[in-house]
Amino acid sequence: MRITRQGVLDTVQDLGRYGYQYLGINCNGAMDKFSMQLANTLLGKDLNSPVFEIHFPASQFLFEKETIICITGGDFLPTINDHAIPLDRPVAVCKKSILKFEKLQTGSRCYLSIFNEMKLDKWMNSYSTNLKSGTGGFMGRNLLKNDVILFQNGLNISTLLHERDHVVFPWKANDVVDTRNEIEFLIGSEWHWLTRDVQDTFQEHWFQITNEADRMGYQLAGPTLECRNSEQLISSAVSFGTVQLLPNGQLIILMADHQTAGGYPRVAQIISAHLSILGQKKPNDVIKFKMTSLVEAEKKIVSQKKYLLQLQIACKFKMEEFLHAHL
Amino acid sequence: MNAYQPYSIFPLGDSALTIDFGNIISKDINKKVLQLFHHLKAVADKNIVDLVPAYSSLTVYYDVAFLHHSEKTAFDAITEILEEWLSRTLNLPEKQNKHFDIPVCYSKKFGIDMNHLSEQNYLTIEEIIQIHTSKIYKVYMLGFLPGFTYMGEVDHRISIERKPVPVKVPPGAVGIAGRQTGIYPLESPGGWQIIGRTPTKVFRKENKCPVLFYPGDDVKFHSISEDEFENYQAGRT
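Conventions used here
Residues numbered from 1 in each chain as written. Chains lettered and ligands numbered in written order. Predicted model: local features only at pLDDT ≥ 70, side-chain atom pairs only at ≥ 80, totals over all residues. Helix = DSSP H or I, 4+ residues; strand = E, 2+ residues; numbered from the N terminus. Buried ≥ 20, exposed ≤ 12 C-beta atoms within 10 Å, placed from the backbone. Rg over C-alpha atoms; globule rule 2.2 N^0.38 Å. Contact = placed C-beta atoms within 7 Å. Nonpolar A, V, L, I, M, F, W, Y, C, P; charged D, E, K, R; others polar. Core = buried A, V, L, I, M, F, W, Y, C linked by C-beta atoms within 7 Å. Domains from an automatic or database assignment. Pairing = 2+ DSSP bridges. Axes fitted to C-alpha atoms, helices over the stretch in contact; angles between N-to-C directions. Parallel < 35°, antiparallel > 145°, perpendicular 65-115°, else oblique. pLDDT = per-residue confidence, 0-100.

Peer 1: Break down the overall build of chain B for me, with residues and values.
Peer 2: A count of helical and extended segments in chain B gives six helices and 13 strands. With respect to the principal axes defined by its C-alpha atoms, chain B has extents near 65 × 40 × 35 Å. Split into buried and exposed, the 237 residues of chain B put 42% on the buried side.

Shown next, in the form of structure tokens:
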């Protein structure tokens, strides 16, 4: 496949790079891991297969060979040869097809999974692109015009396509997009550095995502929060979803490309199951923090994982059956 | 882990926890952190996803779905496993730390903040170089960037606050922030006061081990001229 127009920031991502944070090598990985896994799931692929994380304005893709694709996450009105195609559903496309993204409707990132195995760079156990060090994914960088991504294996689906330029598969995921604005959190290790009043403000006010919002973190605008402790923290680990209080009294939420360690007070931590919702927010969106318990947060992780695994098994079976019947 | 070191464990969200030995920089505590880190790394418990040692803490990322059972939270389950290790006297073989002699060119061309440090701390540039090169530094931890080292502690005479606004620094830039010193592995915005640059590559993405320094290593700097710097870069590093 070939990139025929460059997008603003389209990279290869998977579930992230773990095991090397002690060397300062950060995790990276998809901003909306639920949608990233869903795209793989619907094609019956392994949950951790590398996908393209696409921002708007998006790249334009030319499929030189026929394949099956699935797009999830934000709705950028995807089209194949100018015909709208659905999200959350596998679509077979003929050779010489052009995939475009017309308009940003909802969300801020979409995920493109390809049925064929692609020739990509695995670095330190992950395909996720590490932009800082120029490693992993596709040449360690975002996709540029004229990039060619090779498929490892061929796929003959001409009987299935039967002269049509694309075919939408019969199965899909329903009601998978969660656009809530109330994001659940657990208290951070420096939560008690905030006075009771400030803790209330944190939970009662709406915070706006500023223009300083990217894969590394979202800076928020809201009431200035004061810290009653001025002790300097020495650096220790931070993670995706850590909410830090900056010296100016504003908050930053660390996202997928966060540093491995930091020294600002960690007042809260977004629950893992809600990181994907946050990953679809964009500048000017407003959010509110809602406290929850560790027990509830864990339950949500487990049920999300269960949902994806069950769907993956079902889709893998359906895919085999469908391809067998049509080829 | 011979002598008992008081610690506290707190959750870092729902998928990681931090074992904290206090908000202090100490060689002894850092050594304990690294002993525990190497031990857990060697044990290779399937429940553990990642281990992140810092100055005086060890953060453990764990697999919630794998550990979760109805009667107990994953957090409680992993805490029990870790407390078991923490309560034992781990007679660990001393991890063989490496020692590095790193060349640094402290010239005006590379030490862009040398004048600032000289004025702030009433030292001549020669004195700063003499002080910075006279000590063996401990690599306490890595973070911020792939391969970025937090080393310490520099003599209090050359200690200086970081910059209010980060500026772009080249790979190999050697900086000071408070009592810490470190080398930027990649071009990056940086807030540390830059006193020189090393021609030694501390990060090579093509290597199997892309990072030169590991936590616990010892580093000593020695001063080189601009000509020597160019020679290093041209061929032999």
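Still to come is the rest of the account.
Peer 1: Describe the overall build of chain A, naming the residues involved and giving the relevant values.
Peer 2: When helices and strands are counted, chain A shows five helices and 20 strands. Against the globule reference of 20 Å for 327 residues, chain A gives a C-alpha radius of gyration of 21 Å, in line with a compact fold. In terms of overall dimensions, chain A has C-alpha extents of about 70 × 35 × 35 Å along its principal axes. Scored against the burial criterion, the 327 residues of chain A give a buried share of 49%.

Peer 1: So what about the interface of chain B and chain A? Which residues, and what values?
Peer 2: With 42 residues of chain B at the contact, the number on the chain A side is 34 residues. Only strand 1 (8-11), strand 2 (16-20), strand 3 (48-53), strand 4 (57-62), helix 2 (64-67), helix 3 (74-87) and strand 6 (137-142) of chain B provide two or more residues apiece to the side of chain B that touches chain A. Considering only residue class, the side of chain B that touches chain A consists of 28 nonpolar, eleven polar and three charged.

Peer 1: An account of the nonpolar core is needed here, citing residue identities and associated values.
Peer 2: Residues A39(A), Y111(A), L112(A), I253(A), V60(B) and Y62(B) are the most contacted members of the largest nonpolar core, which totals 148 residues. I253(A) has contacts with G217(A), Y218(A), L220(A), G241(A), V243(A), I270(A) and L278(A), leaving out every residue within four places of it along the chain.

Peer 1: An account of the domain arrangement of chain B is needed here, citing residue identities and associated values.
Peer 2: Residue and element names in this part refer to chain B. Examined at the domain level, chain B breaks down into domain 1 (8-87) and domain 2 (99-234). Computed over C-alpha atoms only, the centres of domain 1 and domain 2 are separated by 31 Å. If you look at the interface, domain 1 gives seven residues, while domain 2 gives seven residues. In terms of residue count, the dominant contributor to the side of domain 1 that touches domain 2 is helix 1 (residues 27-43) (three residues). Considered class by class, the residues forming the side of domain 1 that touches domain 2 number five nonpolar, one polar and one charged.

Peer 1: Would you mind going over the sheet that holds strand 16 (residues 242-245) of chain A in detail, with residue names and values included?
Peer 2: All names here are of chain A. On the basis of which strands lie adjacent, the closed barrel formed by seven strands has the order 12-19-16-17-14-13-20 and mixed pairing. Neighbouring strand axes in the sheet, compared pairwise and without regard to direction, differ in orientation by 40° on average. Where strand 13 (residues 207-213) and strand 20 (residues 286-291) come together, two bridges link them in antiparallel fashion. Bridge pairing in strand 20 places Q208 opposite V286.

Peer 1: Requested: an account of the packing of helix 1 (residues 33-42) of chain A against helix 5 (residues 294-326) of chain A, with residues and values cited.
Peer 2: Residue and element names in this part refer to chain A. Where helix 1 meets helix 5, the axes come as close as 8 Å, and the angle between the chain directions of the two elements is 20°. Taken together, helix 1 and helix 5 sit at an angle that is classed as roughly parallel. Of the residues in helix 5, those touching helix 1 at F34, Q37, L38, T41 and L42 are Q304, L308, L311, Q312 and C315. Of the residues that constitute the contact of helix 1 with helix 5, the class distribution is six nonpolar, four polar and no charged.

Peer 1: Before we move on, could you go through the domain arrangement of chain A and cite the residues and values that matter?
Peer 2: Residue and element names in this part refer to chain A. Parsing chain A into structural domains produces domain 1 (2-177) and domain 2 (182-292). For domain 1 and domain 2, the distance between their C-alpha centroids amounts to 30 Å. Domain 1 puts 17 residues into the contact, and the matching count from domain 2 is 14 residues. Secondary-structure elements contributing two or more residues to the side of domain 1 that touches domain 2 are helix 1, strand 5 (67-75) and strand 10 (106-114). Among the residues making up the side of domain 1 that touches domain 2, the classes are represented as four nonpolar, ten polar and three charged.

Peer 1: So what about the sheet that holds strand 5 of chain A? Which residues, and what values?
Peer 2: All names here are of chain A. Strand order in this open sheet of six strands is 2-3-10-5-8-11, and the pairing throughout is antiparallel. Of all strands in the sheet, those with a lone pairing partner are strand 2 (11-13) and strand 11 (166-168), marking the two edges. Taking each pair of neighbouring strands and ignoring which way they run, the sheet shows an average axis angle of 30°. Of the pairings in the sheet, the one linking strand 5 to strand 10 comprises six bridges and is antiparallel in character. Among the inter-strand pairings, C70 is bridged to a residue of strand 10, identified as S113.

Peer 1: I'd like to hear about the environment of R196(A), residue by residue, with values.
Peer 2: Within the secondary structure, R196(A) is located in helix 3 (residues 196-204). Given 8 C-beta atoms within 10 Å, R196(A) falls into the exposed group.

Peer 1: Give me the pairing of strand 10 of chain A: which residues, what numbers.
Peer 2: Residue and element names in this part refer to chain A. For strand 10, a buried count of eight out of nine residues is recorded, marking the element as mostly surrounded by other parts of the structure. In this structure, strand 3 (residues 51-54) lies alongside strand 10, joined through three bridges in antiparallel fashion. Residue I54 lies in a different strand from strand 10, and its bridge partner there is C110.

Peer 1: Can you lay out the environment of L86(B) for me, pointing to particular residues and giving the numbers?
Peer 2: Within the secondary structure layout, L86(B) lies in helix 3. Distance from L86(B) to V154(B), taken between C-alpha atoms, is 31 Å for residues 68 residues apart in sequence.

Peer 1: Account for unusual backbone geometry, naming residues and giving values.
Peer 2: All names here are of chain A. Looking along the chain, the bond that leaves F56 and enters P57 is cis, with omega of -5°. Secondary-structure assignment places P57 in the loop between strand 3 and strand 4 (60-63). Positive phi is not limited to glycine here, since H162 has a value of about 50°. Relative to the elements of secondary structure, H162 occurs in the loop between helix 2 (158-161) and strand 11. Judged by local crowding, H162 falls into the exposed class, with 10 C-beta atoms found within 10 Å. For D175, which is not glycine, the phi dihedral falls at a positive 50°. Its place among the elements puts D175 in the loop between strand 11 and strand 12 (182-187).

Peer 1: Tell me about the environment of I158(B), residues and numbers included.
Peer 2: Residue and element names in this part refer to chain B. Structurally, I158 can be placed in the loop between strand 7 (149-152) and strand 8 (167-169). Separated by 98 residues in sequence, I158 and V60 have C-alpha atoms that sit 35 Å apart. Setting aside residues no more than four positions away along its own chain, I158 makes contact with L117, N121, I128, I131, H132 and I176.

Peer 1: Could you give an account of the confidence of the model for chain B, with specific residues and numbers?
Peer 2: Across chain B, the average pLDDT comes to 92, with 95% of residues at or above 70. For this predicted complex, the interface score ipTM comes out at 0.95, alongside a pTM of 0.95.

Peer 1: With reference to specific residues and values, describe the pairing of strand 19 (residues 266-270) of chain A.
Peer 2: All names here are of chain A. Counting buried residues along strand 19, five of its five residues qualify, which places the element largely inside the surrounding structure. Taken together, the three bridges between strand 12 and strand 19 define a ladder with antiparallel strand orientation. Looking across to strand 19, one finds that F185 is bridged to I270. With three bridges connecting them, strand 16 and strand 19 associate as antiparallel partners. Residue pairing for strand 19: Q244 is matched across the bridge by R266.

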